[in-house]
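In case you want the letters, here they are:
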Amino acid sequence: MNIHEYQAKRLLKEYGAPVSDGRVVLNAADAKTAAGELDGPLWVVKAQIHAGGRGKGTFKEAGAGEKGGVRLAKSVEEAAKEANAMLGHTLVTHQTGPAGKQVNRIYIEDGSDIARELYLALLVDRQSSRVSIVCSTEGGMDIEEVAENTPDKILSFSVDPATGLQGFHGRRVAFALGLEGKQIKQCSQLIQNLYRLFVEKDMEMLEINPLIVTPAGDIKCLDCKAGFDGNALYRHPDIVGLRDETEEDPKELAASQHDLNYIALDGEIGCMVNGAGLAMATMDIIKLYGAEPANFLDVGGGATKEKVTEAFKIITSDPNVKGILVNIFGGIMRCDVIAEGVIAAVKDVGLTVPLVVRLEGTNVELGKEIIKNSGLNVIAADNLKDGAQKIVKAVKG
Ligand code: ADP
Ligand code: MG
């Protein structure tokens, strides 16, 4: 789960990391008051969406003006004007995709003078199974290009979970970032605070880009992206409270509300499967026969008819889906329940694409019987291979 920059900065502040003073604005009418509460003489007006690259983004609507999603203002009036220009409009960045995202919240922040822009992030490195601290002297809006063209300018330090964060981590990062004097101590303190935040809140990613050095020689977090491990959210009600559902994929949101494990993908074959392992195998075999899965979907072990219906609706709401493969191995999950769910869903939302159903296991005969008697145009499959071949053939001809 991701949160907005202004929310992440509140967490940073709570954990003692240096951030600027700022106010979030939800309604245009509040922008002037919010800006007036800050000192000036420079204000930065920032669109809050769950995507980076805002500074270099562009708005779809002419009414939002020519500038990107991060704008400088030299007076309270100008700050309010920029906030109003962006609110309600659609910002497109290299991370939003061409559809862009509607800006519903604006963060107005004290402007900083910048001597250097650095990059600093903490993330879970799957390769080493450790938390890694990633940093670069080349921070700011071109970090993707740095990663592409000069990857040696991005350094990574991993933390051994047995010993935790050590003093040398902070010093190494400080030297890698070319910091000097009092900045070294500030950097070590910052790394300690960020690490504590990262671990205590079960984070997946915490990115400060840019981390700046001010002309006075102090360091400060000017931007923050924060992501949390969805599987650990149950023990962080405070973080769950920061969720902004308007930022999430509507299909993934509906799935999470029905306790379905669903991840949208780019392919054309919708999959409804029980069990994560079988779901992975189903995606693999679809690829093997020359097509691409449109999603990962695990309905779980104890799915009800309602849950199956909901899962089916989510799959069919994806316009990329050109065919559906239902692949169920009934253990705890009974095949007749799946069959009833599929039929209920088809009656509810209709079926405009080919549907292949492979059932095996508990109550399989009953399940097959229910589908056969339903009169629906379902292609029955005998096993996983047969099912995959049939759906790929039905979609690709
Ligand atoms: P994004 O990464 O989405 O483009 P950032 O918050 O990193 O958004 O802002 C883009 C750039 O705008 C930063 O690299 C920095 O140069 C400038 N900027 C952002 N916040 C401030 C601020 N408070 N004061 C001065 N400049 C800022
Ligand atoms: Mg940034």
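As named in an unreviewed UniProt entry, the protein is Succinate--CoA ligase [ADP-forming] subunit beta, taken from Celeribacter baekdonensis B30. The record in UniProt for the protein states the following under Subunit (unreviewed entry): "Heterotetramer of two alpha and two beta subunits." We quote the UniProt Sequence similarities (unreviewed entry) comment for the protein here in full: "Belongs to the succinate/malate CoA ligase beta subunit family."

### Thoughts on the UniProt feature "binding site: ATP" (unreviewed entry) in the protein
Per the UniProt record, "binding site: ATP" (unreviewed entry) is found at K46, G53, R54, G55, E109, S112 and E117. On the secondary structure map, K46 appears in strand β3 (residues 43–47). Taking relative accessible area as the criterion, K46 reaches 6% and is therefore assigned buried. Dropping the residues within four chain positions of it, K46 is found in contact with E5, K9, R54, G69, V70, M86, R105, I106, Y107, E109, L222 and D223. Among the polar contacts listed, one links the side chain of K46 to the side chain of E5, at a separation of 2.7 Å. Tracing the chain through its elements places R54 in the loop between β3 and β4 (58–59). Beyond its immediate chain neighbours, meaning those up to four positions away, R54 contacts E5, K46, A47, Q48, I49, G68, G69, V70, L91, T93 and D223.

### Re helix α13 (residues 384–396)
Taking 1.5 Å per residue, 13 residues should reach 18 Å; α13 reaches 18 Å between its end C-alpha atoms and fits that length. Near the N-terminus of α13, the side chain that reaches the backbone nitrogen of K385, with its oxygen 3.2 Å away, is that of N383. The positive-phi residue at the C-terminal boundary of α13 is G397, with phi of around 80°.

### Comments concerning unusual backbone geometry
Here the amide bond leading from G40 into P41 is cis, since omega sits at 5°, within 30 degrees of zero. Topologically, P41 is positioned in the loop between α2 (31–36) and β3. For D202, which is not glycine, the phi dihedral falls at a positive 55°. By secondary structure assignment, the location of D202 is in the loop between α6 (182–200) and β12 (203–213). Since its relative accessible area comes to 16%, D202 is described here as buried.

Cut-off values and rules
- Residue positions are given per chain, counted from 1 along the sequence in the order it is written.
- Just so you know, chain letters begin at A and ligand numbers begin at 1, following the order they were written in.
- Where totals are concerned, whole chains, interfaces and linings use all residues; where local detail is concerned, this predicted model gives features only for residues with pLDDT of at least 70, and gives and counts side-chain atom pairs only at 80 or more.
- Heavy atoms from the whole structure form the basis of all side-chain values; hydrogens and water molecules are not counted.
- UniProt positions are given in the numbering used here, feature names are shortened, and annotations may be inferred rather than shown by experiment.
- Elements are defined by DSSP. Helices are runs of H or I of four residues or more, strands are runs of E of two residues or more, and each kind is numbered from the N terminus.
- Burial classification: accessible surface area is computed with a 1.4 Å probe over protein chains only, and a residue below 20% of its type maximum counts as buried, one above 50% as exposed, and the rest as partly exposed.
- Between two residues, a contact is recorded if the distance between any of their heavy atoms is within 4.5 Å.
- We call two N or O atoms a polar contact when they sit within 3.5 Å, provided that within protein one can donate a hydrogen and the other can accept it, with sequence-adjacent residues counted only if both atoms are side-chain atoms.
- Expected helix span is taken as 1.5 Å per residue step, with the number of steps being one fewer than the number of residues.

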